[in-house]
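Each chain, letter by letter, is given below.
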Amino acid sequence: MHRDRARMGATTAGLLSGLLCAGACAGSGPADAALDATIAGLDAEVFAAFNQCADPAALARHAAHFDEDVEFYHDTGGVTWTREAMLDNTRRHACGRYTRQLVEGSLQVHPVAGFGAISQGRHRFCATGTQACDGLAEFTMVWRLRDGRWTITRVLSYGHRAAD
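Residues numbered from 1 in each chain as written. Predicted model: local features only at pLDDT ≥ 70, side-chain atom pairs only at ≥ 80, totals over all residues. Heavy atoms only, no water.

**Q** Would you mind going over the packing of helix H3 (residues 56–63) against helix H4 (residues 83–93) with me for this structure?
**A** Geometry of a packed helix pair, given as the angle between the helix axes and the separation of the axes. Orientation of H3 relative to H4, taken along the N-to-C sense of each, is 140°, at an axis distance of 11 Å. It follows that H3 is oblique to H4 by the angle criterion. As for how H3 packs across H4, the hand of that crossing is right-handed. Contact residues: H3 offers Leu59, His62 and Ala63, while H4 offers Arg83, Leu87, Thr90 and Arg91. Taken together, the residues that form the contact of H3 with H4 break down as three nonpolar, two polar and two charged. (Axes fitted to C-alpha atoms, helices over the stretch in contact; angles between N-to-C directions. Helix = DSSP H or I, 4+ residues; strand = E, 2+ residues; numbered from the N terminus. Parallel < 35°, antiparallel > 145°, perpendicular 65-115°, else oblique. Left-handed = near helix turned anticlockwise from the far one by under 90°. Contact = heavy atoms within 4.5 Å. Nonpolar A, V, L, I, M, F, W, Y, C, P; charged D, E, K, R; others polar.)

So, in C-alpha cells, the structure goes:
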C-alpha cells in the first residue's frame, strides 16, 4: 500500500510538471532560437580564446567564461573542482599544443528553467603546428545566467577517440 501511494504521488507529480511545462517548455519557438544563438556565440567565444590560450590575455578571456567553482569532468584527465585547477590543466596540457573545433551541426542547446542552459555536441582537436585534426570527443556544458551574465558551471568532456 505504501509503495502504491508513493508511485501515485510520483505519477501525479510527473503529470503536474508536464502540464505546467507544456506552454513554458515548448521547443522551437523564438525564445529557443535566441537561446541557441546566444549559447552558440558563447561557445565560439570560449573556444576562440582557448585556441589562442598560449597568449595570457586570451587565457584570461577563456577563464572569464567559467564560474569560480566550475566542475570539469574529463574521461581521461579526471576531475577538477575549481576554475584555477581547470586553467592550470589547460595551461599545462593544451595551450600551444592543440586547438578545438566544433563539429559543424553538432551543437544542441536545451533550456534549464530558472537557471540557464545545457549545451552538448562534438568537437575535434587539432595539433597546433600541423593542424592535423586527429582527436574527437563529446562535450556537455551547463551554463548559468545570473545578473545578465552567462558562465559555465559544469563541463563534461568524454568519449575521446581518434577522429573518424
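Let us keep going from here.
**Q** What am I meant to see in the pattern of salt bridges here?
**A** Any two side chains of opposite charge can pair, so long as their charged atoms come close to each other. Applying the stated criterion across every chain, the model contains nine salt bridges. With a shortest N-O distance of 3.3 Å, Glu71 and Arg154 are connected by a salt bridge. Separated by 83 residues along the polypeptide, Glu71 in strand S1 (residues 66–74) and Arg154 in strand S7 (residues 149–162) bring together distant segments of the chain. Take Arg154: its relative accessible area is 31%, and that puts it in the partly exposed class. Arg122 serves as the salt-bridge partner of Glu138, at 3.1 Å between the closest nitrogen and oxygen. In this pair, Glu138 sits in strand S6 (residues 133–146) while Arg122 sits in strand S5 (residues 116–127), placing the two residues 16 residues apart along the sequence. Salt bridges sharing partners connect three or more residues here, namely Asp67, Arg144 and Arg146. (Salt bridge = Lys/Arg side-chain N within 4 Å of Asp/Glu carboxyl O. Buried < 20%, exposed > 50% of the residue type's maximum accessible area, 1.4 Å probe, protein only.)

**Q** Would you mind going over the state of the cysteines with me for this structure?
**A** Covalent bonding between the sulfur atoms of two cysteines is what defines a disulfide. Throughout the structure, instances matching the rule amount to two disulfides. Bridging Cys53 to Cys95, the disulfide has an S-S length of 2.1 Å. Across the S-S bond of Cys53 and Cys95 the torsion is about -125°, and the bridge reads as left-handed. Of this pair, Cys53 sits in the loop between helix H2 (30–50) and H3 while Cys95 sits in the loop between H4 and strand S3 (98–102), placing them 42 residues apart in sequence. For the pair shown, Cys53 and Cys95 are each scored as buried. The disulfide partner of Cys126 is Cys133, and the gap between their sulfur atoms is 1.9 Å. An S-S torsion of about 100° defines the bridge between Cys126 and Cys133 as right-handed. (Disulfide = S-S within 2.5 Å.)

**Q** How should the pairing of S6 be read in this particular structure?
**A** Put simply, side chains in a regular strand alternate between the two faces of the sheet. In this sheet, S6 lies alongside S5 in antiparallel orientation, the contact comprising eleven bridges. For Ala117, the partnering residue across the bridge sits in S6 and is Trp143. Where S5 hands over to S6, the hairpin turn is made up of five residues, of which Gln131 adopts a positive phi near 60°. As defined by bridge partners, S6 adjoins S7 across eleven bridges and the pair is classed as antiparallel. Considered in S7, the bridge of Gly135 is made with Ala162. (Pairing = 2+ DSSP bridges.)

**Q** Hey, could you run me through the nonpolar core in this one?
**A** Core analysis: the biggest nonpolar cluster contains 24 residues, and Ile39, Phe66, Met141, Trp143, Trp150, Ile152 and Val155 have the highest contact counts within it. For this core, the elements supplying multiple residues, two or more each, are H2, H3, S1, H4, S6 and S7. Top element by residues in this core is H2. It accounts for six residues. Leaving out residues up to four positions away in the same chain, Trp143 has contacts with Ile39, Leu42, Asp43, Val46, Phe115, Gly116, Ala117, Ser119, Trp150, Thr151 and Ile152. (Core = buried A, V, L, I, M, F, W, Y, C linked by side-chain atoms within 4.5 Å.)

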